[in-house]
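Reading the structure
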Amino acid sequence: MTPMSGATDWLAVGDVAEERTADGVAILGGGAARLAGHAAALGVRTALVAKLGEDDTGRRVRDALDRLKVGLQWTRTAPGMRTTVWHQPDGHDGDRRVERGADLALRLDELPPLSLTAVLTVVSGYSLSVEPARSAALGALTQARLRRGHSALLLEADLLWWTNARITRRVLEPALSAADSVALQATDAMALFGPVAGREALRMIAEMGPRVVYLTQADGSVLLGEASRVYAFPAAAVSRDRYAGPAAFWVGLAQKATPRKAALDSVRYATSMRRTGARL
């Protein structure tokens, strides 16, 4: 049965996975899924557009998303495929490992119809890794205005660089040109530009198209670039969950807060995280 069209606050498009930490704990993984989980916890109507495998891992992930009250009407199960599993994605290159699965099989024609309006369409950059997910991710960004909303990109250049260094800049450039706002970590800026200062990274990202750029620095503080201005927001600590700050920032934008107010609130939310992700 085809889900009904309508309206939502957030449409999160991209990767969903199980993540296994260094101590063997299984938690909800994937940029789009984790962003959606935080958004739902902050009280917005969220729908996840993604694919899970037909396996026990996929069922655990689906159950976790359901407990978080993430809308799953556009989360599909791919027959015969396994769910993607990440091993220590926040670790050093030598510690990381990914068992690729169904989430990168999301197709452009599987996006919701344009009759489904969304205040914000947020896309996870890791979905730009390979086709067909790359076309789905780019399509979601370009369709955001047709859904009468704002387009947002979680850059994740560090994960893209690690999995396919040759294509990172090439696949990110059209996504950046289609995004109204972008969020990235200091490690993403390093992967793209080398050892440049945070403010210089903001300028270089903005030149590629986004009007608003949200950069989380190594110490947990945030730099916000809006038009030609840069604002700094100190943090009391580094967040335990790297998705928390960007998610809270975009929730603020979806609720019509100014970018400065959304960034300030996002730092408070991110530093309140006591653990990484929802356990499966």
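Okay, so let's go over this structure. (Residues numbered from 1 in each chain as written. Predicted model: local features only at pLDDT ≥ 70, side-chain atom pairs only at ≥ 80, totals over all residues. Heavy atoms only, no water.)

Attention shifts here to empty space enclosed by the protein. Within this structure, the stated rule accounts for 2 cavities of 30 Å³ or more. In this model, the largest cavity occupies a volume close to 60 Å³. The wall of the largest cavity is formed by Leu154, Leu155, Glu156, Ala183, Leu184, Gln185, Asp188, Arg242, Tyr243 and Pro246. A per-element tally of the lining of the largest cavity places strand E10 (residues 181-185) first, with 3 residues. Across the lining of the largest cavity, the residue classes break down as 6 nonpolar, 1 polar and 3 charged. (1 Å grid on protein atoms, 1.4 Å probe; cavity = no way out; pocket = protein on both sides within 12 Å on 5 of 7 lines; lining within 4 Å. Points joined across faces, edges and corners; volume = space filled by probe spheres on them. Helix = DSSP H or I, 4+ residues; strand = E, 2+ residues; numbered from the N terminus. Nonpolar A, V, L, I, M, F, W, Y, C, P; charged D, E, K, R; others polar.)

Turning to unusual backbone geometry, a few remarks are in order. Of note, the amide linkage connecting Glu131 to Pro132 takes the cis form, showing an omega dihedral of 5°. Secondary-structure assignment places Pro132 in the loop between strand E8 (117-124) and helix H3 (133-143). If you check the backbone angles, Gln88 has positive phi at about 50° while not being a glycine. For Gln88, the position within the fold is in the loop between strand E6 (85-87) and strand E7 (97-99). Using a relative accessible area of 27% as the deciding quantity, one classes Gln88 as partly exposed. Phi at Ala227 is positive, roughly 55°, even though this residue is not glycine. Within the element layout of this structure, Ala227 appears in the loop between strand E12 (222-226) and strand E13 (229-233). (Buried < 20%, exposed > 50% of the residue type's maximum accessible area, 1.4 Å probe, protein only.)

Right, let's talk about the sheet that holds E13 for a bit. With respect to topology, 9 strands assemble into an open sheet ordered E5-E4-E1-E8-E9-E10-E11-E12-E13, the strand pairing being mixed. A single partner strand is all that each edge strand has here, and the edge strands are strand E5 (75-78) and E13. Each strand axis lies, on average, 15° off the axis of its neighbour in the sheet, ignoring direction. Relative to strand E4 (residues 46-53), strand E1 (residues 7-13) runs parallel, the two being bridged by 4 bridges. Of the residues in E4, the one forming a bridge with Ala12 is Leu48. The strands touched by helix H7 (residues 198-206) are E10, strand E11 (212-216), E12 and E13; relative to E11, the strand with the most contacts, the crossing angle is about 145°. Here helix H9 (residues 259-271) sits on the sheet and contacts E11, E12 and E13; the angle it forms with E12, its principal contact strand, is near 165°. (Pairing = 2+ DSSP bridges. Axes fitted to C-alpha atoms, helices over the stretch in contact; angles between N-to-C directions. Contact = heavy atoms within 4.5 Å.)

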